[in-house]
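Observations on chain architecture
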Amino acid sequence: MVWRKLSIYYSKIASIPRDHRGCIPLSRAAESRRTSIITLLLKNGVDVKLTIDNISAALDIALQMKHSDMAVLLLKQGADIRTRNDKGWTPLHEASQTA
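Cut-offs used in this document
Residues numbered from 1 in each chain as written. Predicted model: local features only at pLDDT ≥ 70, side-chain atom pairs only at ≥ 80, totals over all residues. Heavy atoms only, no water. Buried < 20%, exposed > 50% of the residue type's maximum accessible area, 1.4 Å probe, protein only. Helix = DSSP H or I, 4+ residues; strand = E, 2+ residues; numbered from the N terminus. pLDDT = per-residue confidence, 0-100. Salt bridge = Lys/Arg side-chain N within 4 Å of Asp/Glu carboxyl O. Core = buried A, V, L, I, M, F, W, Y, C linked by side-chain atoms within 4.5 Å. Contact = heavy atoms within 4.5 Å.

A word on helix H3 (residues 35-43)
- Turning to H3, its buried residues are Ile37, Ile38, Leu40, Leu41 and Leu42.
- Phi for Gly45, located one or two positions after H3, is positive at around 95°.

The following block contains the structure:
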């Protein structure tokens, strides 16, 4: 199972893998509404609060994409609504800009 291997790899290395756009797997899963992938990644130790260079956490992306179901899942898993990105905005600020 590729996603299982990816999640194990992801949780064990210091250099976090990114896709061609610079997204980390958790953020990519939130963007594409992949609940099962989010659950798998989190069960395998991926930090729900993780950001890359303080740009966007998975919660930011879920809210930007208006995926409220993904946002609720991430919040239930401990995502922090008060974190700030590189612009100093919280996830709610980001969501309000895409409303």
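Description of the confidence of the model for the chain
- Summarising the model, the chain shows a mean pLDDT of 77, and 69% of its residues fall at 70 or more.
- Taken element by element, the predicted model of the chain shows its lowest mean pLDDT in helix H1 (residues 2-12) (57) and its highest in helix H5 (residues 68-76) (91).

Remarks on the pattern of salt bridges
- Enumeration over the complete set of coordinates arrives at 3 salt bridges.
- Residues Arg33 and Asp69 are paired through a salt bridge, measuring 3.2 Å at the closest nitrogen-oxygen approach. Of the two residues, Arg33 sits in the loop between helix H2 (25-31) and H3 while Asp69 sits in helix H5, which places them 36 residues apart along the sequence.
- Under the relative-accessibility criterion, Asp69 is labelled partly exposed at 38%.

Description of the nonpolar core
- In this structure, Leu26, Ala30, Ile38, Ala62 and Leu74 are the most contacted members of the largest nonpolar core, which totals 19 residues.
- Elements supplying a minimum of two residues to this core: H2, H3, helix H4 (58-64) and H5.
- Filtering out sequence-adjacent residues up to four positions away, Ile38 remains in contact with Leu26, Ala29, Ala30, Met70, Leu73 and Leu74.

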